[in-house]
Amino acid sequence: MIVIANILVVLLISIGVIFTVVAVIGVLRLPDVYTRSHAATKSTTFGVLCTLSGVFLYFWLIEGDFNIKLLLGIVFLFITAPIGGHIMGRAAYISGVKPSELTVKDELEEVVKQAKKDRTSQKMKSDED
Amino acid sequence: MMTFIWIGLMLVVLSILGLLLRIFWGPSIPDRVIALDAFGVTLISAIALLSVLFGTGFFMEVILLIAVMSFIGTVAFSKFIEKGEIIERDRNS
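Quantities reported herein were computed from a predicted structural model and do not represent experimental measurements.

Quick look at the environment of Glu 61 of chain B
Residue and element names in this part refer to chain B.
Logical step 1: Relative to the elements of secondary structure, Glu 61 occurs in helix 3 (residues 60–83).
Logical step 2: For Glu 61, a relative accessible area of 38% translates into the label partly exposed.
Logical step 3: Expressed as a C-alpha distance, the spacing of Glu 61 and Pro 30, which sit 31 residues apart in the sequence, is 29 Å.

Things to note about the interface of chain A and chain B
Logical step 1: Taken residue by residue, the interface counts 43 residues in chain A and 44 residues in chain B.
Logical step 2: Together, the buried faces of chain A and chain B total about 3,800 Å²; carbon and sulfur atoms form 81% of this surface.
Logical step 3: For the chain A face of the interface with chain B, the top three residues by lost area are Leu 28, Lys 69 and Met 88 of chain A, together amounting to 15%.
Logical step 4: The interface formed by chain A and chain B contains three salt bridges.
Logical step 5: Between Arg 36 of chain A and Asp 31 of chain B there is a salt bridge, and its shortest N-O distance comes to 2.4 Å.

Concerning the packing of aromatic side chains
Logical step 1: Across all of its chains, the model carries eight aromatic pairs over all chains by this definition.
Logical step 2: Look at Phe 56 of chain A and Phe 66 of chain A: their rings are 5.4 Å apart centre to centre, the planes differ by 75 degrees, and that puts the pair in the edge-to-face class. Of this pair, Phe 56 of chain A sits in helix 2 (residues 33–62) while Phe 66 of chain A sits in the loop between helix 2 and helix 3 (68–94); the two residues are ten residues apart in sequence, bridging distant segments of the chain.
Logical step 3: Classification of Phe 66 of chain A as partly exposed rests on a relative accessible area of 43%.
Logical step 4: Ring centres 6.5 Å apart and planes at 90 degrees place the aromatic pair Phe 76 of chain A and Phe 71 of chain B in the edge-to-face group. Here Phe 71 of chain B lies in helix 3 and Phe 76 of chain A lies in helix 3, a pairing that spans two chains.

Quick notes on the packing of helix 3 of chain A against helix 3 of chain B
Logical step 1: At a closest axis distance of 9 Å, the pairing of helix 3 of chain A and helix 3 of chain B adopts a crossing angle of 15 degrees. The angle between helix 3 of chain A and helix 3 of chain B places the two elements in the roughly parallel class. Both helix 3 of chain A and helix 3 of chain B take part in a crossing whose hand is left-handed.
Logical step 2: Split by residue class, the contact of helix 3 of chain A with helix 3 of chain B holds 17 nonpolar, five polar and four charged.

Things to note about a nonpolar patch on the surface
All names here are of chain A.
Logical step 1: Judged by side-chain polarity, Met 1, Ile 4, Leu 8, Trp 60, Leu 61, Phe 66, Ile 68 and Leu 71 come together as a nonpolar surface patch covering roughly 790 Å² of accessible area.
Logical step 2: Secondary-structure elements contributing two or more residues to the nonpolar patch are helix 1 (2–29), helix 2 and helix 3.
Logical step 3: Along the chain, the position of Met 1 falls in the segment before helix 1.

Re the nonpolar core
Note on soluble globular proteins: their nonpolar side chains tend to be buried together.
Logical step 1: Counting residues in hydrophobic clusters, the biggest one holds 31 residues, and the most contacted among them are Leu 52 of chain A together with Ile 63 of chain B.
Logical step 2: Those elements that provide at least two residues to this core are helix 1, helix 2 and helix 3 of chain A together with helix 1 (2–25), helix 2 (29–54) and helix 3 of chain B.
Logical step 3: Looking at which element gives the most residues to this core, the answer is helix 2 of chain A, with nine residues.
Logical step 4: Sequence-distant contacts of Ile 63 of chain B, that is, excluding residues within four places in its chain, are made with Leu 52 and Leu 70 of chain A together with Ile 44, Ile 47 and Ala 48 of chain B.
Logical step 5: Ranked by size, the runner-up nonpolar core spans 14 residues in total, among them Ala 39, Ala 40 and Met 88 of chain A together with Ile 81 of chain B.

As for the environment of Leu 65 of chain B
Logical step 1: Along the chain, Leu 65 of chain B falls in helix 3.
Logical step 2: For Leu 65 of chain B and Ile 44 of chain B, which are 21 residues apart along the polypeptide, the C-alpha to C-alpha distance reads 9.7 Å.

Notes on the confidence of the model for chain B
Residue and element names in this part refer to chain B.
Logical step 1: For chain B, mean pLDDT is 88; residues scoring 70 or higher make up 97% of the total.
Logical step 2: Mean pLDDT across the elements of chain B bottoms out in helix 3 (90) and peaks in helix 1 (92).
Logical step 3: With a pTM of 0.86, the predicted complex shows an ipTM of 0.86.

What to know about helix 3 of chain B
Logical step 1: Taking 1.5 Å of rise per residue, the 24 residues of helix 3 of chain B would be expected to cover 34 Å, and the 35 Å separating its terminal C-alpha atoms lies within 8% of that figure.
Logical step 2: Where helix 3 of chain B ends, the next residue or the one after it, Gly 84 of chain B, has phi of about 85 degrees, a positive value.

What counts as what
- Residues numbered from 1 in each chain as written.
- Chains lettered and ligands numbered in written order.
- Predicted model: local features only at pLDDT ≥ 70, side-chain atom pairs only at ≥ 80, totals over all residues.
- Heavy atoms only, no water.
- Helix = DSSP H or I, 4+ residues; strand = E, 2+ residues; numbered from the N terminus.
- Buried < 20%, exposed > 50% of the residue type's maximum accessible area, 1.4 Å probe, protein only.
- Contact = heavy atoms within 4.5 Å.
- Buried area = accessible area lost by both parts, 1.4 Å probe.
- Salt bridge = Lys/Arg side-chain N within 4 Å of Asp/Glu carboxyl O.
- Phe/Tyr/Trp six-rings, centres within 6.5 Å; stacked < 30°, edge-to-face > 60°.
- Axes fitted to C-alpha atoms, helices over the stretch in contact; angles between N-to-C directions.
- Parallel < 35°, antiparallel > 145°, perpendicular 65-115°, else oblique.
- Left-handed = near helix turned anticlockwise from the far one by under 90°.
- Nonpolar A, V, L, I, M, F, W, Y, C, P; charged D, E, K, R; others polar.
- Patch = residues over 30% accessible without salt bridge, like charges linked within 9 Å, V, L, I, M, F, W, Y side chains within 5 Å.
- Areas by Shrake-Rupley, 256 points an atom, 1.4 Å probe, with all protein chains shown as cover.
- Core = buried A, V, L, I, M, F, W, Y, C linked by side-chain atoms within 4.5 Å.
- pLDDT = per-residue confidence, 0-100.
- Expected span 1.5 Å × (residues − 1).

Shown next as structure tokens:
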């Protein structure tokens, strides 16, 4: 039994550490903000989820301590980390960070331009009122 | 087992150093904020490995606090970059 627990813990923690290292290599090497946020949010989240699950199994199966706070941390990270990445990418696009030259298609450009035009015309109208 | 955890902790700390490099270099501000977000998440896994090394469950509050603080920091930074203010008072704009 303890052998299976050890194997599970080592497997989960090694997957988590490998994904964290790969995510950091992506953050250092990819060309612009959007690809970097892709590396930094997705694979870092998966890596830390695997590491925390391994630590949870270690405390539960080997030390005999069912730690509910660790489960709460896992669920909270799983909900919030993609939200942070999404909202940061949106802020980067609206604040005008250019995508790299390798980008093939930018479908958001016209929508954002139209929305900015609408907002300025609305503001002028409300100023006249 | 403990040797394995030490090696994993070393790799995680090295990746934290890599994220620090991106925070220093980052050409634009959103780059730095994204690296800071990933920094918090990676710090969480480092603390989890440390709690295995020390054999206590008392670091779990630290994990929860860092998760909440890093998320709120990311959201506040992104609202500031996007609109120039964090708490909007005018709900119609």
